[in-house]
Amino acid sequence: MMFEAPVGAVRLPDYDQRKADEAVARLFTLLNFGELVRPGMKVTLKPNLLMKRRPEEATTTHPAIVRAVIRQLKSRGIAPQDITIADSPGGLYNHAALSGIYQATGMQAAAEEEGVCLNDDFTSVQVEITGALKSFVFPVIRPAAEADLVINICKLKTHCMTGLSGGVKNLFGCIPGLTKPDYHWRYPKKEDFGQMLVDLCQAVSPAITICDAVEAMEGDGPSSGQKREVGVLFASEAPYRLDRALCKFIGMPEERVPTIAAAVERGVLPEKGKVDVIGDPLPEIRPFTLPKTAEADFSSHVPGFLRGLLKPVADKWLAARPVVGEGCVGCGKCAESCPAHTIRIVKGRAVIDKGGCIRCFCCHEMCPIHVIDIRQNPLLRL
């Protein structure tokens, strides 16, 4: 992984396939990605397929971008049968769950049209990491663990827990299915969770990261925010630098993104420094709306010298929490994804035990009908 590699950007106003093909081809040329690709390689494409959503809902990586990457690989000698689209979204990791997601997100049609493989191997491989700080071994989905080349194709979104859903956070989908809540349970603090994600990034070691920011999501992402028209594709060999560039572009303070802090601590990202973005000039946009969890972050409401003293009390009483709203149908997706097992379905409705909640917001993320809201303490709105 090249930590000093440049970040490239190409304007793409919409998902017209011809335009997408041209934009991805420009990124491959601009950033010399062709040097990483050799005929005979087994290549895994890792999009963001969070849940069963249509491409126009801006929750998942758009299939036009995935198609364009496939076409670039084929033009450089990679056989279609050596290209696999693979992700482990939230929830169960099996054929029944994935087939619906593949179809809804447009990945099934893309794979069929391009003659590439959709992952149907739901086993994992134990991958050890030298120099890890939190997790020294991960169960990684087999297509990502055994690929010669992993291309990480993320979606630009704000995120209720990690601030940003960019290149590094997208790799959490390389951990199989309901194993993910275990990592939330083991690392409930954002700082520790960020360190774990950097360990995972080192384990998967994507050769290329491409960010679909043509249509992004702001607010209470990664699944319940608002769609935002942006019109840009970003890419880099260095996912940490890419995420830093994304933060600057959307007006996200770096201190709200634990993976960036973890990368700085390890020396794989400079503590300070401008990330030059090469390629097309970036559009000037208003800052993204942040998640309610970020707006209610304790650190933004008191002077620095008081934070250490008051943080434990404020975290307990002032922190934003998930709340089940009207319209809950009792599907159980929230309970299934809750690492602390604090959610029960009572009389056809989800009930959250506030005392056991670790505020990972997995329930909010996985609710298919958006009825779990993030609620701030009223004191923070005064």
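Before going into details, it helps to say that this report is about the structure given with it. Quantities reported herein were computed from a predicted structural model and do not represent experimental measurements.

Rules behind the numbers
Residues numbered from 1 in each chain as written. Predicted model: local features only at pLDDT ≥ 70, side-chain atom pairs only at ≥ 80, totals over all residues. Heavy atoms only, no water. Phe/Tyr/Trp six-rings, centres within 6.5 Å; stacked < 30°, edge-to-face > 60°. Helix = DSSP H or I, 4+ residues; strand = E, 2+ residues; numbered from the N terminus. Buried < 20%, exposed > 50% of the residue type's maximum accessible area, 1.4 Å probe, protein only. Lys NZ or Arg CZ within 6 Å of the ring centre and 35° of its normal. Expected span 1.5 Å × (residues − 1). Disulfide = S-S within 2.5 Å. Axes fitted to C-alpha atoms, helices over the stretch in contact; angles between N-to-C directions. Parallel < 35°, antiparallel > 145°, perpendicular 65-115°, else oblique. Left-handed = near helix turned anticlockwise from the far one by under 90°. Contact = heavy atoms within 4.5 Å. Nonpolar A, V, L, I, M, F, W, Y, C, P; charged D, E, K, R; others polar. Polar contact = N/O pair within 3.5 Å; in protein donor to acceptor, adjacent residues only side chain to side chain. Salt bridge = Lys/Arg side-chain N within 4 Å of Asp/Glu carboxyl O.

### Topic: the packing of aromatic side chains
No. 1: Counted under the stated rule, the structure contains five aromatic pairs.
No. 2: Centroid distance Phe 138 to Tyr 183: 5.6 Å. Interplanar angle 20 degrees. Geometry classified as stacked. One end of the pair, Phe 138, is in strand S6 (residues 137-141); the other, Tyr 183, is in helix H7 (residues 180-186), with 45 residues separating them in the sequence.
No. 3: Overall, the relative accessible area of 0% leaves Phe 138 in the buried class.
No. 4: Judged by centre distance (5.4 Å) and plane angle (75 degrees), the ring pair of Phe 172 and Phe 193 falls under edge-to-face. Here Phe 193 lies in helix H8 (residues 190-204) and Phe 172 lies in the loop between helix H6 (167-170) and H7, a separation of 21 residues in the sequence.
No. 5: Given a relative accessible area of 4%, Phe 172 falls into the buried group.
No. 6: When the ring centre of Tyr 183 is taken as origin, the NZ or CZ atom of Arg 186, which lies over that ring, is 4.7 Å away.

### Regarding H8
No. 1: Compared with an ideal rise of 1.5 Å per residue, which puts 15 residues at 21 Å, H8 spans 21 Å between its outermost C-alpha atoms and is within 8% of the ideal.
No. 2: Extensive coverage of H8 is indicated by the burial of eleven of its 15 residues.
No. 3: When H8 is considered as a whole, its buried residues turn out to be Phe 193, Gly 194, Gln 195, Met 196, Leu 197, Val 198, Asp 199, Leu 200, Cys 201, Ala 203 and Val 204.

### Describing the state of the cysteines
No. 1: Across all of its chains, the model carries zero disulfides by this definition.
No. 2: Between Cys 174, a cysteine without a disulfide, and Cys 201, which holds the nearest cysteine sulfur, the sulfur-to-sulfur distance is 9.5 Å.

### Quick look at the packing of H8 against helix H10 (residues 258-266)
Geometry of a packed helix pair, given as the angle between the helix axes and the separation of the axes.
No. 1: At their nearest, the axes of H8 and H10 sit 8 Å apart, and the two run at 65 degrees to each other. The orientation of H8 relative to H10 falls into the category roughly perpendicular. You can see that H8 and H10 cross each other, and the crossing is right-handed. Between H8 and H10, the residues in contact are Lys 190, Glu 191, Gly 194, Gln 195, Leu 197, Val 198 and Asp 199 and Pro 258, Thr 259, Ala 262, Ala 263, Glu 265 and Arg 266, respectively.
No. 2: A breakdown of the residues in the contact of H8 with H10 according to their chemical character gives five nonpolar, three polar and five charged.

### Notes on the side chain of Thr 44
No. 1: With respect to the helices, strands and loops of the structure, Thr 44 is situated in strand S2 (residues 43-47).
No. 2: A relative accessible area of 4% places Thr 44 in the buried class.
No. 3: At 2.7 Å, the side chain of Thr 44 and the backbone oxygen of Pro 143 are in polar contact.
No. 4: Leave out the neighbours within four places in its chain, and Thr 44 touches Thr 84, Ala 86, Pro 143, Ala 144, Ala 147, Leu 149, Val 150 and Ile 151.

### Section: the side chain of Gln 195
No. 1: Following the sequence through the fold, Gln 195 ends up in helix H8.
No. 2: Residue contacts for Gln 195: discarding those within four places in its chain leaves Leu 133, Lys 134, Ala 262, Glu 265 and Arg 266.

### Observations regarding the pattern of salt bridges
Two side chains of opposite charge can pair, provided their charged atoms sit close to one another.
No. 1: Summed over all chains, the structure comprises 24 salt bridges.
No. 2: When the shortest N-O distance is used, the salt bridge between Arg 18 and Glu 22 registers 3.0 Å. A residue pair is termed a helical-turn pair when its members lie 3 or 4 positions apart in one helix, as Arg 18 and Glu 22 do in helix H1 (residues 17-30) at four residues.
No. 3: Relative accessible area serves as the criterion here: at 42%, Glu 22 is assigned to the partly exposed category.
No. 4: The salt bridge involving Glu 56 is made with Arg 54; its shortest N-O contact spans 2.6 Å.
No. 5: Of the residues examined, Glu 56 reaches a relative accessible area of 42% and is grouped as partly exposed.
No. 6: In this structure Arg 54 comes out as partly exposed when scored by relative accessible area, which is 43%.
No. 7: Here the salt bridges do not stand alone but share partners, grouping Asp 21, Arg 71, Lys 74 and Glu 114 into one network.

Without other data, these values stay purely geometric and don't point to any function.
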